[in-house]
Amino acid sequence: MHIYLSSLGCRLNEAELESWARQFRAGGHRVVSSPRDAQVMVLNSCAVTAEAARKSRQFINRLHRQNPRAHLVVTGCYAELEPARVAALTGVDLVIGNRDKERLVELVESQIEPATMPRLAAEPEATHMYAAARTRAFVKVQDGCRNRCAFCIVTIARGDERSRPLREVVDEINQLVAEGYREVVLTGVHLGGYGRDLGTDLYTLVQTVLRDTDIHRLRLSSLEPWDLPPHFWELWQDTRLMPHLHLPLQSGCDSTLRRMARRCDTASYVALVEAARAAIPDLTLTTDLIVGFPGETEAEWAATVEFVQRIGFGHMHIFTYSPRQGTAAARMKGQVDAKVKRERSRQMHAIAARMKAEHLRRFQHDVREVLWEGPGEPLSDGRVRWSGYTDNYLRVYALGPAGESWENQITPVRLLLPPDPHPDHLMAENLSPAAVPIPSPAAF
Ligand code: SF4
């Protein structure tokens, strides 16, 4: 079969897609890069917000329009939350809930009749999608969440916590190393809950991956700021574990955090951050913040603004609260006025930009390693503009000579500030022998 894979939403959805691509290929199928070349199209949908659910519907309709003869399989959180509505959409042949995702390849093979496969005009070029970009792979290690944050539909859509066996994760990472990947990101819905159902934990998983694989760079995706043992930070003595933590704060005010049913308060968040910063040199701390949660008063907002600046973040994902049907928060009184939400979002984006610039300035003239991502962007003067991330997750750009690929290379660079009052990235002078020295910052 010729399979087209697509996903919306979170890194976990992407990690699942990468895993299905490998399974389909192992089963002798072709993963194609265009829906027009597919006999089966799979969408891993998202429903984290009402807007995301609308986008999932839109994507389903577009896929069917692009190739009405192909079979259309929809999985993911939107399929889990509204299976009947998805099944009723034109062109949808199979709806697979989140709890059956692990068996998606087997279900597609068993439930889609080969005889009903549309004949292909020509043998399409097999995509190198999920194969060629052997730079960073997202590896799903855990699914589901036992917490009940009031704004979150994911915990409802993805169900109870379940972890992949530790050896299975290690074997997958060794396979990825053999395929040429330089970086792996461990991802899950509630990563910190890894192993609870298997009598182990995230500390042991990370320790084992570092011991039993040769992955050059190991990253952790989003980590809720609780359930982390005091010795957790010892893991960063291994410099293959990247000095970047994404700890969702959501609010910097204790009364708002209580209404959100978050399992942390500002004092425990401060303690966690101080312990991490003490143990991990040059740590980049990033976070998620919800603006305009129901009942958020001016005083609560002021507390959040003050707290965020006290912590200092290298980057922030700022979400304007929108009610998500099916969550406790959507039924709460005191929904904040849209104009007020917009103003608070504008304010927080300005603060985030300033903190990011301050964080970047700390590292100018530093020499750090960058993993370059492909493809480079050819410039009119023949040189190539490359981008990548440092170990501590700083975005950098650099120029390379024509005809030379830096893709998937890890090279030492000297970090430089671009001529911008509010830089959101750095430039890099590639120190590897072949690199071209940067003539002037204005080149960027
Ligand atoms: S811990 Fe994360 S996934 Fe779980 S309910 Fe809270 S926000 Fe949702």
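Reference entry: report on the structure contained in this document.

A look at the environment of V40
Here comes step 1: Assignment of secondary structure puts V40 in strand β3 (residues 40–45).
Here comes step 2: For the pair formed by V40 and E51, sequence separation is eleven residues and the distance between their alpha carbons is 26 Å.

Concerning the side chain of R219
Here comes step 1: Mapped onto the fold, R219 is located in strand β10 (residues 217–220).
Here comes step 2: In this structure, R219 is in contact with E183, V184, V185, L186, M242, H244, Y389, T390, D391 and Y393, ignoring residues within four places of it in sequence.

Points about the packing of helix α10 (residues 266–279) against helix α11 (residues 298–311)
Here comes step 1: One way to put it is that α10 packs onto α11 with a least axis distance of 11 Å and a crossing angle of 15°. When the interaxial angle is binned, α10 and α11 end up roughly parallel. Here α10 runs over α11; the crossing is right-handed. Residues T266, Y269, V270, V273 and R277 of α10 touch α11, and the partners they reach there are F307, R310 and I311.
Here comes step 2: Grouping the constituent residues of the contact of α10 with α11 by class yields five nonpolar, one polar and two charged.

Section: helix α1 (residues 11–26)
Here comes step 1: Compared with an ideal rise of 1.5 Å per residue, which puts 16 residues at 22 Å, α1 spans 23 Å between its outermost C-alpha atoms and is within 8% of the ideal.
Here comes step 2: All buried positions along α1 are accounted for by L12, N13, A15, E16, L17, E18, W20, A21, R22 and F24.
Here comes step 3: Positive phi shows up at G28, right after α1, with a value of about 85°.

A short note on the pattern of salt bridges
Here comes step 1: Applying the stated criterion to the full structure yields 40 salt bridges.
Here comes step 2: Here D143 ties to R162 by a salt bridge, and the two come within 3.5 Å at their closest N and O atoms. Highlighted residues: D143 in strand β7 (residues 142–143) and R162 in strand β8 (residues 162–163), separated in sequence by 19 residues.
Here comes step 3: On the basis of relative accessible area, D143 is assigned to the buried category, the value being 1%.
Here comes step 4: As a salt-bridge pair, E306 and R310 come within 3.1 Å of each other at their nearest N and O atoms. Taken together, the residues E306 and R310, both in helix α11 and four residues apart, mark about one turn of the helix.
Here comes step 5: A relative accessible area of 42% means that E306 is categorised as partly exposed.

What to know about the packing of aromatic side chains
Here comes step 1: Inspection of the entire model under this criterion finds ten aromatic pairs.
Here comes step 2: Seen from their ring centres, W372 and W406 are 5.1 Å apart, and the 50° between their planes marks the pair as tilted. Placement of W372 in strand β14 (residues 367–378) and of W406 in the loop between β16 (395–400) and β17 (410–416) is noted, with a sequence separation of 34 residues between them.
Here comes step 3: When its relative accessible area of 3% is taken as the criterion, W406 is described as buried.
Here comes step 4: With a centroid separation of 4.3 Å and an interplanar angle of 5°, the aromatic rings of Y389 and Y393 are classed as stacked.
Here comes step 5: The class for Y389 is buried, based on a relative accessible area of 17%.
Here comes step 6: On the basis of relative accessibility, which here comes to 25%, the residue Y393 falls in the partly exposed class.
Here comes step 7: Here the basic side chain of R62 rests over the ring of F59, its NZ or CZ set 5.0 Å away from the ring centre.

What counts as what
Residues numbered from 1 in each chain as written. Predicted model: local features only at pLDDT ≥ 70, side-chain atom pairs only at ≥ 80, totals over all residues. Heavy atoms only, no water. Helix = DSSP H or I, 4+ residues; strand = E, 2+ residues; numbered from the N terminus. Contact = heavy atoms within 4.5 Å. Axes fitted to C-alpha atoms, helices over the stretch in contact; angles between N-to-C directions. Parallel < 35°, antiparallel > 145°, perpendicular 65-115°, else oblique. Left-handed = near helix turned anticlockwise from the far one by under 90°. Nonpolar A, V, L, I, M, F, W, Y, C, P; charged D, E, K, R; others polar. Expected span 1.5 Å × (residues − 1). Buried < 20%, exposed > 50% of the residue type's maximum accessible area, 1.4 Å probe, protein only. Salt bridge = Lys/Arg side-chain N within 4 Å of Asp/Glu carboxyl O. Phe/Tyr/Trp six-rings, centres within 6.5 Å; stacked < 30°, edge-to-face > 60°. Lys NZ or Arg CZ within 6 Å of the ring centre and 35° of its normal.

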